[in-house]
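Analysis of the macromolecular model
Next come the chains, spelled out residue by residue.
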Amino acid sequence: METKRKVVVTGLGCVSPLGNSVDETWENLVAGNSGITNITLFDTVGFDVKIAGEVKNFDPSLWIDKKEARKMARFAQFGAVATAQALSDAGLTKETIDPERTSIVLGNGIGGYEVMENSFRKYLEVGPGRIPPLTVPMMIGNEGPGNISMLFGIKGTAWNLQTACASSTDALGLALDQLRSGRTDMCIAGGTEAAITGFGIGGFSVLKTLASSYNDAPEKASRPFDTNREGFVMGEGSAILILEEYEHAKARGARIYCEFAGYGGTSDAYHITSPDPSGNGGARAVELALQDAGIRPEELQYYNAHGTSTHVNDSSESNMLKKALGDHAYKMKVSSTKSMTGHCLGAAGAMEALFCIKAIEEGVYPPTINLDTPDVENGCDLDYVPNKAVVETAPGGIRCAASGSLGFGGHNGVVIFKKDEV
């Protein structure tokens, strides 16, 4: 039997509602600080929902050329900046990357919503001749990886994967397969999203999926697994991982965060927006990821939950963990960092994978804030690390962590990372 090529993480980059770098984001996350505030990106008069997890004080020119940034939608700017950070963190430059043996796989759910919205407004008000010329190339989702390719001279595949809220988790899984197959030696992988616009908030509001009763207390609105949860809070941002085949990373003397050990993906075949309440599809994704990683359920110490703060998701996800892990589901730590970042849609999976990697590095379990009264009656009875981060005191710290994403359309993706101990 052929041995799988080992894949490791050598660089991290992040732009989030909690900060414009990995360090700032992680510091606020562990402290239990919320990045959810009143919306400033558009006028919320007339909207039932007036809160979101916005990226704040964002200046792309600190990382990429100002002229190039002006040609990008907000989601593409986030992805480009997070990539620049991750490459720097990995000790790489445009000149030291092997362009033909490096690829890109990003997850993005929606694309340039603000571009589409502004351009459509001009189309309706003035006519087709006034649609801005760069509308289409700025709006479409594949311009996230496309711009990264052009900025850093990368000539391998540059793909955009769209599976709703599972997009960037599935993108990581696809990148893992690319590296294992030998098609590439290094991959820039992750996700990016920027959908906090009037159309974005309005569209999710009419689906009745957003929290709307906490406009006066935004930091309390995202409350996964809590009895008083009522919906998710929109977030935005980007998280990028530099993934390398182990021997490639070793040969260049790279610092290794951890091993990217496994991925599992399934579909519910159940409902266009709701996860299967039984959790069967998600449980199978967990089982496939464990099998792919070659680890037993009891080796898993932390699971970063999709944990959206909606009634059906949180109960369904708790069920899926019990089905996949048995009694061990009650012995491990589970937390939803969306309680602080909001739901970053297509970027959520990569961001939460990054949090798993930092948890392994630092030996700290991030909390689920706003968890005052767990919804035990509806199956939310696991250890969700309520309100305060927990330090792992066992020898070896956190050795193995997983993250799961469940997207509209029934897409389930799970990734597993483990401490590199070779």
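In the block above lies the structure referred to throughout.
This is a predicted model, so every value here is computed, not measured.

1. Concerning the nonpolar core
Judged by nonpolar contacts, the single largest core of 45 residues is most densely connected at Val9, Leu241, Leu243, Phe260 and Phe417. When near neighbours in sequence (up to four residues on either side) are disregarded, Phe260 contacts Val7, Val8, Val9, Leu172, Gly173, Leu176, Leu243, Val415, Ile416 and Phe417. By size, the runner-up hydrophobic cluster in this structure holds 32 residues, among which are Ala69, Ala84, Leu92 and Leu106.

2. Let's talk about the environment of Gly326
Among the secondary structure elements, Gly326 is positioned in the loop between helix H11 (311-325) and strand S10 (333-335). Judged by its relative accessible area of 30%, Gly326 falls in the partly exposed class.

3. Here we look at the side chain of Glu193
Examined against the element boundaries, Glu193 turns out to sit in strand S6 (residues 186-193). Polar side-chain contacts of Glu193 include one of 3.1 Å to the backbone nitrogen of Ile110. A distance of 2.8 Å separates a polar atom in the side chain of Glu193 from the backbone nitrogen of Gly346. Every residue in contact with Glu193, bar those within four places of it in the chain, is listed here: Phe75, Phe78, Asn108, Gly109, Ile110, Gly111, Glu236, Gly237, Cys344, Leu345, Gly346 and Ala347.

4. Regarding the pattern of salt bridges
Counted according to the given criterion, the structure contains 22 salt bridges. Across the pair Asp292 and Lys4 runs a salt bridge, and its minimum N-O distance is 2.5 Å. Residue Asp292 is found in helix H10 (residues 280-293), and its partner Lys4 is found in the segment before strand S1 (7-15); the two are separated by 288 residues along the sequence. The buried category is assigned to Asp292, whose relative accessible area is 19%. Residues Arg5 and Asp185 are paired through a salt bridge, measuring 3.5 Å at the closest nitrogen-oxygen approach. You can see Arg5 sitting in the segment before S1 and its partner Asp185 sitting in the loop between helix H7 (167-181) and S6, a full 180 residues away along the chain. The buried category is assigned to Asp185, whose relative accessible area is 14%. When salt bridges with common partners are traced through the structure, they connect Arg5, Arg101, Asp185 and Glu245 into a single cluster.

5. A look at a nonpolar patch on the surface
On the surface, Phe120, Tyr123, Leu124 and Ile131 cluster together to form a nonpolar patch covering roughly 400 Å² of accessible area. If you trace the backbone, Phe120 turns up in helix H4 (residues 113-125). The class for Phe120 is partly exposed, based on a relative accessible area of 49%.

6. Focus: the environment of Glu68
With respect to the secondary-structure elements, Glu68 resides in helix H2 (residues 66-69). On the accessibility criterion, Glu68 (29% relative accessible area) is partly exposed. Expressed as a C-alpha distance, the spacing of Glu68 and Val376, which sit 308 residues apart in the sequence, is 50 Å.

7. Points about the pairing of S1
Counting buried positions along S1 gives nine out of nine residues, so the element sits mostly inside the fold. Alignment of S1 against strand S7 (residues 237-245), held across eight bridges, turns out to be antiparallel. Note on S7: the bridge partner recorded for Val15 is Ser238. Relative to strand S8 (residues 258-267), S1 runs antiparallel, the two sharing two bridges. Note that in S8 the partner of Val8 across the bridge is Glu259.

8. Regarding the packing of aromatic side chains
By the definition in use, this model includes nine aromatic pairs. Ring centres of Tyr113 and Phe199 lie 5.5 Å apart, and the angle between their planes is 70 degrees; this geometry places the pair in the edge-to-face category. Of this pair, Tyr113 sits in helix H4 while Phe199 sits in helix H8 (residues 198-206), and the two are 86 residues apart along the sequence. Residue class for Tyr113 comes out buried when judged on its relative accessible area of 16%. By relative accessible area, which is 48% here, Phe199 ends up partly exposed. Residues Phe260 and Phe417 carry aromatic rings whose centres are separated by 4.8 Å and whose planes lie at 25 degrees to one another, so their mutual orientation is stacked. Here Phe260, found in strand S8, pairs with Phe417, found in strand S14 (residues 411-418); they are 157 residues apart in sequence, far enough to count as distant. Accessibility classification places Phe260 together with Phe417 in one group, the buried group. When the ring centre of Tyr246 is taken as origin, the NZ or CZ atom of Lys6, which lies over that ring, is 4.3 Å away.

9. Description of H7
Helix length check: H7, at 15 residues, gives a terminal C-alpha distance of 21 Å against a target of 21 Å (1.5 Å per residue), a fit within 8%. Counting buried positions along H7 yields twelve of 15 residues, so the element is predominantly enclosed. Buried within H7 we find Ser167, Ser168, Thr169, Asp170, Ala171, Leu172, Gly173, Ala175, Leu176, Gln178, Leu179 and Arg180. Looking one or two residues past H7, Gly182 carries a phi angle of roughly 85 degrees, positive in sign.

10. As for unusual backbone geometry
Residue Phe225 is not a glycine yet carries a positive backbone phi of 70 degrees. Of note in this structure, Ala269 is not a glycine but carries a positive phi near 50 degrees. Summarising the element assignment, Ala269 is placed in the loop between S8 and H10. When its relative accessible area of 78% is taken as the criterion, Ala269 is described as exposed.

Rules of the game
Residues numbered from 1 in each chain as written. Predicted model: local features only at pLDDT ≥ 70, side-chain atom pairs only at ≥ 80, totals over all residues. Heavy atoms only, no water. Core = buried A, V, L, I, M, F, W, Y, C linked by side-chain atoms within 4.5 Å. Buried < 20%, exposed > 50% of the residue type's maximum accessible area, 1.4 Å probe, protein only. Contact = heavy atoms within 4.5 Å. Helix = DSSP H or I, 4+ residues; strand = E, 2+ residues; numbered from the N terminus. Polar contact = N/O pair within 3.5 Å; in protein donor to acceptor, adjacent residues only side chain to side chain. Salt bridge = Lys/Arg side-chain N within 4 Å of Asp/Glu carboxyl O. Patch = residues over 30% accessible without salt bridge, like charges linked within 9 Å, V, L, I, M, F, W, Y side chains within 5 Å. Areas by Shrake-Rupley, 256 points an atom, 1.4 Å probe, with all protein chains shown as cover. Pairing = 2+ DSSP bridges. Phe/Tyr/Trp six-rings, centres within 6.5 Å; stacked < 30°, edge-to-face > 60°. Lys NZ or Arg CZ within 6 Å of the ring centre and 35° of its normal. Expected span 1.5 Å × (residues − 1).

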